[in-house]
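Secondary and tertiary structure notes
The chain contents come next:
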Amino acid sequence: MMPVMSETFRVTVLPGGEHFDAPAGQTLLLAGLAAGVALPWSCRTGTCRTCIARLLSGRIEHRIPWPGLSCEEKADGFILPCVAEPRSDVTITCGP
Ligand code: FES
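What comes next concerns the included structure. Just so it is clear, the model here is predicted, and its values are computed rather than measured. (Residues numbered from 1 in each chain as written. Predicted model: local features only at pLDDT ≥ 70, side-chain atom pairs only at ≥ 80, totals over all residues. Heavy atoms only, no water.)

This paragraph deals with the side chain of serine 88. Residue placement: serine 88 occurs in the loop between strand 6 (84–86) and strand 7 (90–94). Given the relative accessible area of 17%, serine 88 is considered buried. Looking at serine 88, its side chain comes within polar contact range of the main-chain nitrogen of arginine 59, at 2.8 Å. Apart from the residues lying within four places of it in its own chain, the contact partners of serine 88 are Phe9, Gly58 and Arg59. (Helix = DSSP H or I, 4+ residues; strand = E, 2+ residues; numbered from the N terminus. Buried < 20%, exposed > 50% of the residue type's maximum accessible area, 1.4 Å probe, protein only. Polar contact = N/O pair within 3.5 Å; in protein donor to acceptor, adjacent residues only side chain to side chain. Contact = heavy atoms within 4.5 Å.)

The geometry of an aromatic ring pair comes down to the distance between the two centres and the angle between the two planes. Taken as a whole and judged by the stated rule, the model has zero aromatic pairs. Sitting above the plane of the tryptophan 41 ring, arginine 44 keeps its charged end 5.2 Å from the centroid. (Phe/Tyr/Trp six-rings, centres within 6.5 Å; stacked < 30°, edge-to-face > 60°. Lys NZ or Arg CZ within 6 Å of the ring centre and 35° of its normal.)

Let's shift gears to the pairing of strand 2 (residues 18–23). Looking at chain direction, strand 1 (residues 8–14) and strand 2 are connected through six bridges and run antiparallel. Within the sheet, the bridge partner assigned to arginine 10 lies in strand 2 and is aspartate 21. (Pairing = 2+ DSSP bridges.)

To continue, consider the side chain of histidine 62. Here histidine 62 is to be found in strand 4 (residues 60–62). Engagement of the side chain of histidine 62 in a polar contact is seen with the backbone nitrogen of leucine 80, the distance being 3.1 Å. What histidine 62 contacts, discounting residues up to four positions off in sequence, is Pro67, Leu69, Ile79, Leu80, Val83 and Ala84.

Read from one edge of the open sheet, five strands run 2-1-7-3-5, paired in mixed fashion. The strands lining the two open edges of the sheet, one partner per strand, are strand 2 and strand 5 (78–79).

Among the secondary structure elements, alanine 24 is positioned in the loop between strand 2 and helix 1 (28–34). By relative accessible area, which is 1% here, alanine 24 ends up buried. When the C-alpha atoms of alanine 24 and isoleucine 52 are compared, they prove to be 19 Å apart, with 28 residues separating the residues in sequence.

This brings us to unusual backbone geometry. Omega for the bond connecting leucine 14 with proline 15 falls within 30 degrees of zero, at 10°, which places this linkage in the cis form. As for its position among the elements, proline 15 is in the loop between strand 1 and strand 2. Its identity is not glycine, yet arginine 44 carries a phi of approximately 60°, on the positive side. For arginine 44, the position within the fold is in the loop between helix 1 and strand 3 (53–57).

Quick look at the structure:
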């Protein structure tokens, strides 16, 4: 089912507890940076892994079919926020 791109979700970043709103059509990284939250990044194309984070709750969808994550990392909940769009309210923690 296609998400409604104007829908906005709440993103919480642990352990600091910063939070910001992210539209369904925007990446978690860009929404966070626009809100002044200091998230790590470099390539913004899903390859360098600088932005790697773990999804603690909620749902995301990666914009690209094969972001730079192994199957094991995906199964463990790791995501790349530079290419991840929210599909619900989410809680993430940055770092490997
Ligand atoms: S900034 Fe390079 S993978 Fe996200």
